[in-house]
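# Reading the structure
The chain contents come next:
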Amino acid sequence: VYVSIHEYPLYPGTGALDEVGAGEGLGATVNFPVPHGATGDVFRAAVDEVVAPLADRWKPTWVLVSAGFDAHRRDPITGLGLTSADFADLTRDVVGLVPPGRRLLFLEGGYDLQGLADSAGAALAALVDEDYRPEPASNGGPGHHIVEAVKRQRSMLGLP
């Protein structure tokens, strides 16, 4: 299963809502192409309402997270609105889908050095069940309609 929550249109240039896999892999690709300004509550809703139920069905044995810290609100490349606390929450929730020892996190992006340091620190702390939150979680940005669209799409396809 491949899940991507990303600013759209921006990176990665693919990842439209209708890219869901084909044949036996139908539904194994889940894209959340969120708009500029999306905040942590949108990302958390995507994990809680779609990714966690999907994991219940697929029973993953490993989780590989490509952590795009360029989603931090201070990053000069993207226009997303996440904070370091959002990365802590998301890390905790996603790695909780598999047992310890079966979790890998990769640093993918982050171009504001303080935002990168805070976010990576918060994610690593969450990985070892510590709480490090240099700033509060974010909410109130756009993008909840994308989570709802993914849920409708998966329901129409008969997928969790």
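Residues numbered from 1 in each chain as written. Predicted model: local features only at pLDDT ≥ 70, side-chain atom pairs only at ≥ 80, totals over all residues. Heavy atoms only, no water.

On to the packing of helix α1 (residues 40-58) against helix α4 (residues 144-156), then. In helix packing, the relevant descriptors are the interaxial angle and the interaxial distance, both defined with respect to the helix axes. It is the contact of α1 with α4, at a shortest axis distance of 8 Å, that shows an interaxial angle of 15°. On the basis of their axis angle, the class for α1 and α4 is roughly parallel. For the element pair α1 and α4, the recorded crossing hand is right-handed. Contact residues: α1 offers Asp-41, Val-42, Ala-45, Ala-46, Glu-49, Val-50 and Leu-54, while α4 offers His-144, Val-147, Glu-148, Val-150, Lys-151 and Arg-154. A per-class count over the contact of α1 with α4 returns seven nonpolar, one polar and five charged. (Axes fitted to C-alpha atoms, helices over the stretch in contact; angles between N-to-C directions. Helix = DSSP H or I, 4+ residues; strand = E, 2+ residues; numbered from the N terminus. Parallel < 35°, antiparallel > 145°, perpendicular 65-115°, else oblique. Left-handed = near helix turned anticlockwise from the far one by under 90°. Contact = heavy atoms within 4.5 Å. Nonpolar A, V, L, I, M, F, W, Y, C, P; charged D, E, K, R; others polar.)

Attention now moves to the packing of helix α2 (residues 84-95) against helix α3 (residues 113-127). Between α2 and α3, the least distance of the axes is 8 Å, while the angle of their chain directions is 30°. For the element pair α2 / α3, the angle class is roughly parallel. You can see that α2 and α3 cross each other, and the crossing is right-handed. Where α2 approaches α3, its residues Ser-84, Phe-87, Ala-88, Thr-91, Arg-92 and Val-95 are matched on the opposing element by Asp-118, Ser-119, Ala-122, Ala-123, Ala-126 and Leu-127.

The next subject is the pairing of strand β2 (residues 29-34). Counting buried residues along β2, five of its six residues qualify, which places the element largely inside the surrounding structure. Pairing analysis gives six bridges linking strand β1 (residues 2-7) to β2, with the strands arranged parallel. In the strand pairing of β2, Tyr-2 is matched with Thr-29. (Buried < 20%, exposed > 50% of the residue type's maximum accessible area, 1.4 Å probe, protein only. Pairing = 2+ DSSP bridges.)

Turning to the pairing of strand β4 (residues 103-109), a few remarks are in order. Pairing between strand β3 (residues 63-68) and β4: six bridges, direction parallel. In the sheet register, Leu-64 faces β4, and the bridge partner there is Leu-104. Remark: the β3/α2/β4 crossover connection has right-handed handedness. (Right-handed = clockwise from strand over helix to strand, strands pointing away.)

Our next topic: the confidence of the model for the chain. Caution applies to low-pLDDT parts of the model: their predicted coordinates are not meant to be read in detail. Of all residues in the chain, 99% have pLDDT values of 70 or greater, and the mean over the chain is 95. α2 holds the highest mean pLDDT among the elements of the chain, 98, whereas β4 holds the lowest, 93. (pLDDT = per-residue confidence, 0-100.)

For any pair of aromatic rings, geometry is given as the distance between the ring centres together with the angle between the planes. Per the stated rule, a full pass over the model turns up one aromatic pair. Note on Phe-69 and Phe-87: the rings are 4.8 Å apart at their centroids and 70° apart in plane angle, and the pair reads as edge-to-face. With Phe-69 in the loop between β3 and α2 and Phe-87 in helix α2, the pair connects residues that are 18 residues apart, well separated along the chain. Assigned by exposure class, Phe-69 and Phe-87 land together as buried. (Phe/Tyr/Trp six-rings, centres within 6.5 Å; stacked < 30°, edge-to-face > 60°.)

Here we take up the pattern of salt bridges. A complete count under the given rule lists 10 salt bridges for this structure. Between Glu-49 and Lys-151 there is a salt bridge; the shortest N-O distance is 2.8 Å. Taken together, the positions of Glu-49 in helix α1 and Lys-151 in helix α4 put the pair 102 residues apart, joining distant regions of the chain. Its relative accessible area of 36% is what places Glu-49 among the partly exposed residues. Its relative accessible area of 30% is what places Lys-151 among the partly exposed residues. (Salt bridge = Lys/Arg side-chain N within 4 Å of Asp/Glu carboxyl O.)

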